[in-house]
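Fold and geometry: a report
The chain contents come next:
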Amino acid sequence: MTPDQKLQALFAAETPPARDYAFQARLAQRIALRRAWMTVAALIPWGVAAIAVLWALRPVVGPLTEDIGALIPAAAMLAGVAVSAVAALSLARRFSAA
């Protein structure tokens, strides 16, 4: 065995294994799916709390809606815009940080 062959054998033993890109893609997909489900699961208590607060405020807000019934559609649209803006900003911040 020549010195060059010995050196090539030594370097061949230390080369990193080949990367399996299909496995890495499947693993990344599974991790992303699990993170998405964990995010949804983390939002469940907040949704329950919001429903409880709105249910508790129903007797207070109920009489007010009779007086300002014409403004309810406008208020609903403004609330939708506000929720959309907050969601867009939080998603933009989350994806730009990654």
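Source: prediction; values computed, not measured. In this convention, every chain numbers its residues from 1, walking through the sequence in written order. Since the coordinates come from a predicted model, pLDDT governs what is reported: local features require at least 70, and pairs of side-chain atoms require 80 or more to be given and counted, while whole-chain, interface and lining totals use all residues. To obtain the side-chain values, all non-hydrogen atoms of the structure were included, while hydrogens and water were left out.

Okay, the overall build of the protein chain next. The number of helices and strands found in the protein chain is three helices and zero strands. Helix numbering and strand numbering both begin at the N terminus, where a helix is a DSSP run of H or I of at least 4 residues and a strand a DSSP run of E of at least 2. Listing every helix and strand of the protein chain by position from the N terminus yields α-α-α. For the radius of gyration, the atoms used are the C-alpha atoms, and the globule rule reads 2.2 Å times the number of residues raised to 0.38. Whereas a compact globule of 98 residues would reach a radius of gyration of roughly 13 Å, the protein chain reaches 28 Å, over 25% beyond that. Taken along its principal axes, the extent of the C-alpha atoms in the protein chain is 95 × 20 × 20 Å. For each residue, the accessible area found with a 1.4 Å probe, counting protein chains only, is set against the maximum for its type, and the residue is called buried under 20%, exposed over 50%, and partly exposed in between. A burial count over the protein chain gives 0% of its 98 residues as buried. A 1.4 Å probe and the Shrake-Rupley method give the accessible areas. Residues count as covered only by the protein chains that appear here. Carbon and sulfur atoms provide 73% of the accessible area of the protein chain, an area that totals close to 9100 Å². For the purpose of charge, His is not counted, nor are the chain termini; Lys and Arg are scored as positive and Asp and Glu as negative. In this description, the location of a charge corresponds to atom NZ of lysine, CZ of arginine, CG of aspartate or CD of glutamate. If you average the places of the 9 positive and of the 5 negative side-chain charges in the protein chain, the two averages end up 5 Å apart.

On to the confidence of the model for the protein chain. When pLDDT is averaged across the protein chain, the result is 84; 94% of the residues are at 70 or more. Every residue gets a pLDDT, meaning the predictor's confidence in that residue, from 0 to 100. The lowest-confidence element of the protein chain is helix 1 (residues 3-14), averaging 80 in pLDDT; the highest-confidence one is helix 2 (residues 21-67), averaging 87.

A separate point is the environment of Ile44. Tracing the backbone through its elements, the reader meets Ile44 in helix 2. Sequence separation between Ile44 and Phe23 is 21 residues, and the spatial gap between their C-alpha atoms is 32 Å.

All right, on to a nonpolar patch on the surface then. Each patch groups residues whose relative accessible area exceeds 30% and which form no salt bridge, using 9 Å between like charges and 5 Å between nonpolar side chains of Val, Leu, Ile, Met, Phe, Trp and Tyr. Think of a salt bridge as a Lys or Arg side-chain nitrogen and an Asp or Glu carboxyl oxygen that are within 4 Å of each other. A cluster of nonpolar side chains, namely Val53, Leu57, Val60 and Val61, defines an oily patch on the protein surface of about 320 Å² accessible area. Within the fold, Val53 resides in helix 2.

Side chains that are three or four residues apart share a direction in an α-helix, a result of its 3.6 residues per turn. Expected helix span is taken as 1.5 Å per residue step, with the number of steps being one fewer than the number of residues. Taking 1.5 Å of rise per residue, the 12 residues of helix 1 would be expected to cover 16 Å, and the 17 Å separating its terminal C-alpha atoms lies within 8% of that figure. Burial analysis of helix 1 places just zero of its 12 residues in the buried class, a small minority of the element.

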